[in-house]
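A look at the structure
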Amino acid sequence: MNRDIILSVSGLKKYFPVRRGLILQKTVGQVKAVDDVSFQVYRGETLGIIGESGCGKTTLARMIMGLEKQTEGEITFLGKKIDTEMPADLRKKIQMVFQDPYSSLDPRMNIRRIIEEPLRVHTKLSANEKRQILLPLLKNVGIDENALQKYPHEFSGGQRQRIGIARALILQPELLLCDEPVSALDVSIQAQILNLFKDLEETYHLTMIFVSHDMSVIRHISDRIIVMYLGQIMEIAPKKELFDHTLHPYSQALMSAIPVADPERQRAHIPLKGEIPSPLNAPPDALFPAGAPKQRKYAIVKSLASGIHRRSIMLPATCLRKDVRRLYETLCIDACFESDIDHLVCLYVGLFPGATDGRSCGMDDGSRWSIGRSKTTT
């Protein structure tokens with residue numbers, strides 16, 4: 001895979017204010033839809049984002065698309081910052097396939113006008129030039145040329161999604177965002193659309209961010225996977241590494257929920273008991289209840305320390321120390337020493353344990369570490 005970074009997300013937050021009052025409204029709280037999210041997307045890869053409904057997947061995708069303004073943080077695409085007022089020449093390089101193929105298509109436009117609309121907005125091509133771009137694209141997404149004069153209500157769900165994909169690809173974007181594009185489709189149609197995405201990825205050399213709540217879909221389409229819960233990233237890793245060596249308890253619970261297509265086999269189910277915490281007031285022990293057995297808590301930390309250093313992850317070290325400290329505090333572990341935190345941080349970013357301590361390797365100055373001990377400044 002090409003390691004050229006095409007998209008960088010750093011410290012991204014999106015808080016929605018909660019107000020009360022009819023005339024004199026007062027802000028009484030904030031819904032933390034996305035809370036301090038950082039990751040990178042490499043050219044040519046498909047990054048999957050998985051999580052239950054309400055975990056912030058769609059809000060994250062909308063901010064990357066420039067449809068939602070972030071509260072804090074920075075999104076950089078091709079070296080330029082993304083926001084709701086980004087220039088048109090940058091916006092046309094990021095396109096999106098939406099979840100509901102019917103509501104995302106204008107019912108008053110025929111298919112030709114719908115697919116050609118991005119060309120009318122961003123280019124000044126003649127009708128013949130538009131046709132030369134349109135016809136090969138229709139063939140690639142599986143739409144008959146004779147259907148161009150029809151309207152969205154005359155197509156099935158799978159056909160409408162193909163129309164949405166064609167509209168997103170007609171400008172030949174460098175990044176394609178797919179917000180649960182198969183969740184509203186039948187299982188048989190889902191397979192067709194997923195295979196279409198794989199074919200288009202090779203044909204157009206696409207870089208994709210694929211959002212879904214279905215682990216099987218994410219496993220089929222993705223190269224790397226982000227697991228989200230309550231607006232935060234729980235785990236990020238290459239696909240094979242995540243499925244073979246799942247570290248986070250929430251990820252393990254998601255894995256256990258994947259159905260096995262064999263009546264003779266049964267997968268051990270890990271239940272997540274209780275109500276889903278609200279992002280308005282999420283408790284600190286949402287994932288690690290204080291009443292959990294201490295052996296389980298130590299096993300979690302041991303799993304993190306022994307396995308997570310195998311992954312190439314670059315995160316701000318200050319945030320990393322904060323997360324590790326919060327992990328210790330949440331697990332109610334008695335021996336919470338600075339040396340333990342520094343040791344786990346070093347493992348987390350791929351350094352050899354005991355090679356250096358946190359202070360001498362810049363754990364408090366906002367620096368970044370990667371495998372190979374190369375240091376850069378944020």
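This write-up is about the structure you can find in this document. All values derive from a computational prediction rather than experimental measurement.

1. Observations concerning the pattern of salt bridges
Here the structure, examined in full by the defined rule, presents 11 salt bridges. The residue Glu-68 makes a salt bridge to Arg-62 at a minimum N-O spacing of 3.4 Å. Residue Arg-131 is joined to Glu-145 by a salt bridge in which the shortest nitrogen-to-oxygen separation is 2.8 Å. Pair noted here: Arg-131 is in helix α4 (residues 127-141) and Glu-145 is in the loop between α4 and α5 (157-169), with a separation of 14 residues, a long-range link. Classification of Arg-131 as partly exposed rests on a relative accessible area of 31%. What emerges from the salt-bridge pattern is a single network uniting Asp-4, Arg-43 and Glu-174.

2. Comments concerning the pairing of strand β10 (residues 232-238)
Summarising burial for β10: five of the seven residues are buried, a large majority. Bridging between strand β9 (residues 224-229) and β10 involves six bridges; their strand directions are antiparallel. Among the inter-strand pairings, Tyr-229 is bridged to a residue of β10, identified as Gln-232. With antiparallel pairing between neighbouring strands as the criterion, β9 and β10 make up a hairpin whose turn holds two residues, including Leu-230 at a positive phi of roughly 50°.

3. Things to note about the packing of helix α3 (residues 111-122) against α4
As a packed pair, α3 and α4 sit with axes 11 Å apart at the nearest point and diverge in direction by 125°. Judged by the angle between their axes, α3 and α4 are oblique. For the pair α3 and α4, the crossing hand works out as right-handed. Two secondary-structure elements touch here, α3 through Arg-112, Ile-115, Glu-116, Leu-119 and Arg-120 and α4 through Lys-130, Arg-131, Leu-134 and Leu-138.

4. A few points about helix α1 (residues 57-65)
The buried fraction of α1 amounts to seven of the nine residues, a majority that puts the element mostly inside the structure. Listed as buried for α1 are Lys-57, Thr-59, Leu-60, Ala-61, Met-63, Ile-64 and Met-65.

5. Digging into the sheet that holds strand β3 (residues 46-50)
Pairing is mixed across the open sheet formed by six strands, whose spatial order is β6-β7-β8-β3-β9-β10. Every interior strand has two partners, whereas the edge strands, β6 (94-97) and β10, have only one. Sheet twist, expressed as the mean angle between neighbouring strand axes with direction ignored, is 15°. When β3 meets strand β8 (residues 208-212), the two strands line up parallel, connected through five bridges. Across the sheet, the residue bridging to Ile-50 is Ser-212, located in β8.

6. Considerations on the packing of aromatic side chains
Counting across every chain of the model gives one aromatic pair. Ring centres of Phe-197 and Phe-210 lie 5.6 Å apart, and the angle between their planes is 90°; this geometry places the pair in the edge-to-face category. Highlighted residues: Phe-197 in helix α6 (residues 187-204) and Phe-210 in strand β8, separated in sequence by 13 residues. Like Phe-210, Phe-197 is buried. Sitting over the face of the ring of Phe-16, Lys-14 holds its NZ or CZ atom 5.0 Å from the ring centroid.

7. Considering the side chain of Thr-76
With respect to the secondary-structure elements, Thr-76 resides in strand β4 (residues 72-77). In terms of polar contacts, Thr-76 uses its side chain to reach the side chain of Glu-74, at 3.5 Å. Beyond its immediate stretch of four places on either side in the chain, Thr-76 contacts Ile-6, Leu-7, Ser-8 and Lys-81.

8. Quick look at the sheet that holds strand β5 (residues 80-81)
Judged by pairing direction, the sheet is antiparallel, and its four strands sit side by side in the order β2-β1-β4-β5 without closing on themselves. A strand with exactly one partner marks an edge of an open sheet, and here the two such strands are β2 (26-42) and β5. In terms of strand pairing, strand β1 (residues 5-20) meets β2 through 12 bridges, oriented antiparallel. The partner of Tyr-15 across the bridge, within β2, is Lys-32.

9. Section: the packing of α4 against α6
Here α4 crosses α6 at 140°, and the two axes come no closer than 10 Å. The angle between the axes of α4 and α6 places the two elements in the oblique class. Contacts between α4 and α6 involve Leu-137, Asn-140 and Val-141 from the first element and Leu-196, Leu-200, Thr-203 and Tyr-204 from the second. Class assignment for the residues of the contact of α4 with α6 results in five nonpolar, two polar and no charged.

10. Concerning the side chain of Asp-35
Mapping Asp-35 onto the fold places it in strand β2. An unpaired buried charge is present at Asp-35: no salt bridge exists, and Lys-32, the closest side chain of opposite charge, is 4.6 Å distant. A distance of 3.2 Å separates the side chain of Asp-35 from the side chain of Gln-232, its partner in a polar contact. Look past the residues within four positions of Asp-35 in its chain and what remains in contact with it is Leu-12, Lys-13, Tyr-15, Gly-231 and Gln-232.

11. Some thoughts on a nonpolar patch on the surface
There is a patch of nonpolar side chains on the surface, built from Leu-22, Ile-23 and Leu-24 and spanning about 480 Å² of accessible area. Along the polypeptide, Leu-22 turns up in the loop between β1 and β2. Given a relative accessible area of 85%, Leu-22 falls into the exposed group.

12. Thoughts on unusual backbone geometry
Of note, Gln-172 is a non-glycine position whose phi angle comes to about 55°, a positive value. Examined against the element boundaries, Gln-172 turns out to sit in the loop between α5 and β7 (175-179). Classification of Gln-172 as exposed rests on a relative accessible area of 61%. The phi angle at His-205 is positive, at roughly 55°, despite the residue not being glycine.

About the criteria used
- Residues numbered from 1 in each chain as written.
- Predicted model: local features only at pLDDT ≥ 70, side-chain atom pairs only at ≥ 80, totals over all residues.
- Heavy atoms only, no water.
- Salt bridge = Lys/Arg side-chain N within 4 Å of Asp/Glu carboxyl O.
- Helix = DSSP H or I, 4+ residues; strand = E, 2+ residues; numbered from the N terminus.
- Buried < 20%, exposed > 50% of the residue type's maximum accessible area, 1.4 Å probe, protein only.
- Pairing = 2+ DSSP bridges.
- Axes fitted to C-alpha atoms, helices over the stretch in contact; angles between N-to-C directions.
- Parallel < 35°, antiparallel > 145°, perpendicular 65-115°, else oblique.
- Left-handed = near helix turned anticlockwise from the far one by under 90°.
- Contact = heavy atoms within 4.5 Å.
- Phe/Tyr/Trp six-rings, centres within 6.5 Å; stacked < 30°, edge-to-face > 60°.
- Lys NZ or Arg CZ within 6 Å of the ring centre and 35° of its normal.
- Polar contact = N/O pair within 3.5 Å; in protein donor to acceptor, adjacent residues only side chain to side chain.
- Nonpolar A, V, L, I, M, F, W, Y, C, P; charged D, E, K, R; others polar.
- Lys, Arg positive; Asp, Glu negative; His and termini not counted.
- Patch = residues over 30% accessible without salt bridge, like charges linked within 9 Å, V, L, I, M, F, W, Y side chains within 5 Å.
- Areas by Shrake-Rupley, 256 points an atom, 1.4 Å probe, with all protein chains shown as cover.

Just distances and angles here, no functional claims.
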